[in-house]
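Analysis of the macromolecular model
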Amino acid sequence: LTGVLDDCLCDIESIDDFNTFKIFPKIQKLQERDYFRYYKVNLKRPCPFWADDGHCSIKDCHVEPCPESKIPVGIKAGSSNKYSKAANNSKELEDCEQANKLGAVNSTLSNQSKEAFIDWARYDDSQDHFCELDDERSPDAQYVDLLLNPERYTGYKGPSAWRVWNSIYEENCFKPRSVYRPLNPLAPSRGGLGSVCLFSWTGLCLEKRVFYKLISGLHASINLHLCANYLLEETWGKPRWGPNVKEFTRRFDPAETKGEGPRRLKNLYFLYLIELRALSKVAPYFERSVVDLYTGNGHEDAESKALLLDIFRDTKSFHMHFDEKSMFAGDKKGAKSLKEEFRLHFKNISRIMDCVGCDKCRLWGKLQTQGLGTALKILFSEKEIQSLPENSPSKGFQLTRQEIVALVNAFGR
């Protein structure tokens, strides 16, 4: 791939250089730190859209949850509002008194009322969210060590996998009039150099083009990781994983995809630009002394924060950022309605991830969707981020640990 990307003033070579020499080595180190390697996720949530068509039975689909004893004490005890050790200690007494009071109240509540309160709280919290967040208090939510459960090809494919992507593109995506998508496993075989797809953006405004490109970029990212970390052979119970060029060609070669493959890869670069922009915008949130990447290990926490701030400095030095101000810039009423449509479409896509039948694919699908949802939340909260108080947790804009971990790991992917 070469040249300028559509809808932004950035070329592929500049992104490659910037990522290879500045961002990638640092983000890789950051992902290995305790704060970012443990992700709490509920892999047992039922599919809200259709009857579950069974889980993938291949052993590589399995996700190994992390034993309680392995989770750093600060992560296990922390909640999204407890940023630092100091904040935790000063709040302990207050929390204790509050817990006693709540205990007295709770004993008189019916289970139905308790569930209603949780739903209300979740509804209030979700007003600025682009994603359906897992409830971390659910007994089904478990910590997963992302380093021990890498994203790779598991053998999960066929009608079940096709149904997920089809639902995303056909029911929840603004898309070009004609786009070649060889998703249906029952469709006749692909190929033939002569049948190039005519691609038309007629009638799609910038915002809807952006939405489609982000979903296509997410799809390309997932497919790339499956090709790059493929089960090549399994001899004597020892699997060998590595790049599968044939699979990559099938999914991205112009001849195999009727010219569509390179566009999919360009959309991956576009997705990178959007998440890069979000990181540069959210820097003030983390630069405050009140925000600490708290795991309970003071030395490691300080190093993690220093590395994160170093990455923010790099993101700010990039000269060809996507300009999100060009989005939702029409008349106020129309812009507001379009933004809400955008948010609800994306939220629906995050819910579809609960329909993925392979646990490992579901884990990484949920994480990358949540990471992108967090990036969008950041881009549309610029005023709130700029008016954050320096020495107290913010009211107007908040990120949970789950969102922070998802954002960094999605960008790392």
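Residues numbered from 1 in each chain as written. Predicted model: local features only at pLDDT ≥ 70, side-chain atom pairs only at ≥ 80, totals over all residues. Heavy atoms only, no water.

Looking at the overall build of the protein chain
Selection rule: Runs of H or I in DSSP of at least four residues are treated as helices and runs of E of at least two as strands, each being numbered from the N terminus. Partly exposed residues are those whose accessible area sits between 20% and 50% of the maximum for their type, while under 20% is buried and over 50% is exposed, using a 1.4 Å probe and protein chains only. We call two residues in contact when some of their heavy atoms are within 4.5 Å. Note on areas: Shrake-Rupley, 1.4 Å probe, and residue coverage restricted to the protein chains presented here.
When helices and strands are tallied, the protein chain shows 14 helices and four strands. In the protein chain, buried positions account for 48% of the 413 residues. Across the protein chain, the fraction of contacts at a sequence separation of at least 24, relative to all contacts at a separation of at least 6, is 79%. Carbon together with sulfur atoms contributes 54% to the accessible area of the protein chain, which is approximately 20700 Å² in total.

Some words on the state of the cysteines
Going by this rule: Cysteine sulfur atoms are paired as a disulfide whenever they come within 2.5 Å of each other.
Summed over the entire model, instances satisfying the criterion amount to one disulfide. Disulfide pairing is shown between cysteine 47 and cysteine 355; the S-S distance is 2.0 Å. Looking down the S-S bond of the cysteine 47 and cysteine 355 bridge, the torsion is 75°, so its handedness is right-handed. One end of the pair, cysteine 47, is in the loop between β1 (38-42) and α3 (73-77); the other, cysteine 355, is in the loop between α11 (332-352) and α12 (359-379), and 308 residues separate them in sequence. Residue cysteine 47 is classed as buried on the basis of its relative accessible area of 12%.

As for the pattern of salt bridges
Defined as follows: Salt bridge, as used here: a side-chain nitrogen of Lys or Arg that lies within 4 Å of a carboxyl oxygen of Asp or Glu.
In total, this model carries 16 salt bridges according to the counting rule given. Note that arginine 33 is salt-bridged to glutamate 303, the shortest N-O span being 3.0 Å. Placement of arginine 33 in the loop between α1 (12-31) and α2 (34-37) and of glutamate 303 in helix α10 (residues 298-317) is noted, with a sequence separation of 270 residues between them. Across the pair glutamate 382 and lysine 281 runs a salt bridge, and its minimum N-O distance is 2.6 Å.

Describing the nonpolar core
To keep things clear, this is the line we draw: To qualify as a nonpolar core, a set must consist of buried Ala, Val, Leu, Ile, Met, Phe, Trp, Tyr and Cys residues joined through side-chain atoms within 4.5 Å.
Val282, Phe286 and Leu363 are the most contacted members of the largest nonpolar core, which totals 94 residues. Considering each element in turn, this core owes the most residues, 13 residues, to helix α9 (residues 261-287). Judged by nonpolar contacts, the second largest core, of five residues, contains Tyr38, Cys66, Ile71 and Ile75.

Quick look at the packing of aromatic side chains
Note the following rule: Under the pairing criterion, centres of Phe, Tyr and Trp rings, with the six-membered ring standing for Trp, must be within 6.5 Å; the plane angle then separates stacked pairs below 30 degrees from edge-to-face pairs above 60, leaving the rest tilted. When the NZ atom of lysine or the CZ atom of arginine is within 6 Å of a ring's centre and also within 35 degrees of its normal, the charge is said to sit over that ring.
Applying the stated criterion across every chain yields a total of 14 aromatic pairs. For the ring pair tyrosine 272 and phenylalanine 411, a centre distance of 4.9 Å and an interplane angle of 35° mean the geometry is tilted. Here the residue tyrosine 272 occupies a position in helix α9, and phenylalanine 411 occupies one in helix α14 (residues 401-412), the gap between them amounting to 139 residues. Among the aromatic residues, those joined into a cluster by ring pairs are Phe211, Phe342, Phe346 and Phe380. The ring of tryptophan 241 has arginine 152 lying over it, and the distance from NZ or CZ to the ring centre is 3.8 Å.

Thoughts on the UniProt feature "binding site: FAD" (unreviewed entry) in the protein chain
Basically, it comes down to this: UniProt positions are given in the numbering used here, feature names are shortened, and annotations may be inferred rather than shown by experiment.
Residues annotated by UniProt as "binding site: FAD" (unreviewed entry) correspond here to Arg152, Thr154, Trp165, Ser216, His219 and Arg251. Residue placement: arginine 152 occurs in the loop between β2 (141-145) and α6 (159-172). Here threonine 154 lies in the loop between β2 and α6.

Here we look at the environment of phenylalanine 411
By relative accessible area, phenylalanine 411 is classed as buried at 6%. The spatial distance from the C-alpha of phenylalanine 411 to the C-alpha of leucine 276 is 7.6 Å, given a sequence separation of 135 residues. Once residues within four sequence positions are removed from consideration, phenylalanine 411 is found in contact with Ile23, Ile27, Tyr272, Glu275, Leu276 and Leu279.

Here we look at the UniProt feature "active site" (unreviewed entry) in the protein chain
Following the UniProt record, one finds the feature "active site" (unreviewed entry) at Cys358 and Cys361. Note that cysteine 358 resides in the loop between α11 and α12. Residues within four places of cysteine 358 in sequence aside, it is in contact with Cys56, Cys61, Thr154 and Tyr156. For cysteine 361, a relative accessible area of 24% translates into the label partly exposed. Excluding anything up to four places from it in sequence, cysteine 361 contacts Thr154, Tyr156 and Val356.

Quick word on the pairing of β1
Operational definition: At least two bridges found by DSSP between two strands is the condition for calling them paired.
Taken across its five residues, β1 has five buried, putting it largely inside the fold. Where burial is concerned, the two faces of β1 agree: the one with Tyr38, Lys40 and Asn42 and the one with Tyr39 and Val41 are both buried. For β1 and β2, the ladder comprises five bridges, and the chain directions are antiparallel. Residue pairing for β2: lysine 40 is matched across the bridge by tyrosine 143.

Let's talk about the pairing of strand β3 (residues 230-235)
As paired strands, β3 and strand β4 (residues 238-242) are joined by five bridges and run antiparallel to one another. Each residue of the ladder has a partner; that of leucine 231, found in β4, is tryptophan 241.

Remarks on the packing of α1 against α10
Rules: Each axis is a line fitted through C-alpha atoms, and for a helix only the stretch in contact is used; angles between axes span 0 to 180 degrees, taken between their N-to-C directions. Should an angle fall under 35 degrees it is taken as roughly parallel, and over 145 as roughly antiparallel, whereas 65 to 115 is taken as roughly perpendicular and any remaining angle as oblique. In this scheme the crossing of two helices becomes right-handed for a clockwise turn of the near helix relative to the far one and left-handed for an anticlockwise turn of less than a right angle. Residues are grouped as follows: Ala, Val, Leu, Ile, Met, Phe, Trp, Tyr, Cys and Pro are nonpolar; Asp, Glu, Lys and Arg are charged; every other residue, Gly included, is polar.
At a closest axis distance of 10 Å, the pairing of α1 and α10 adopts a crossing angle of 160°. As far as their axial angle goes, α10 and α1 are roughly antiparallel. Crossing handedness for the pair α1 and α10: left-handed. Where α1 abuts α10, its residues Phe18, Lys22, Ile23, Lys26, Ile27, Lys29 and Leu30 lie against Ser304, Leu307, Leu308, Asp310, Ile311, Asp314, Thr315 and Ser317. For the contact of α1 with α10, the per-class residue count stands at seven nonpolar, three polar and five charged.

Side note on α6
Note the threshold: Multiplying one less than the number of residues by 1.5 Å gives the expected span of a helix.
For α6, built from 14 residues, the straight-helix expectation of 20 Å at 1.5 Å per residue is met to within 8% by its first-to-last C-alpha distance of 19 Å. Of the residues making up α6, those classed as buried are Ser160, Ala161, Val164, Trp165, Ser167, Ile168, Tyr169 and Asn172. Looking at the buried side of α6, the elements it contacts are α7 (206-228) and α11.

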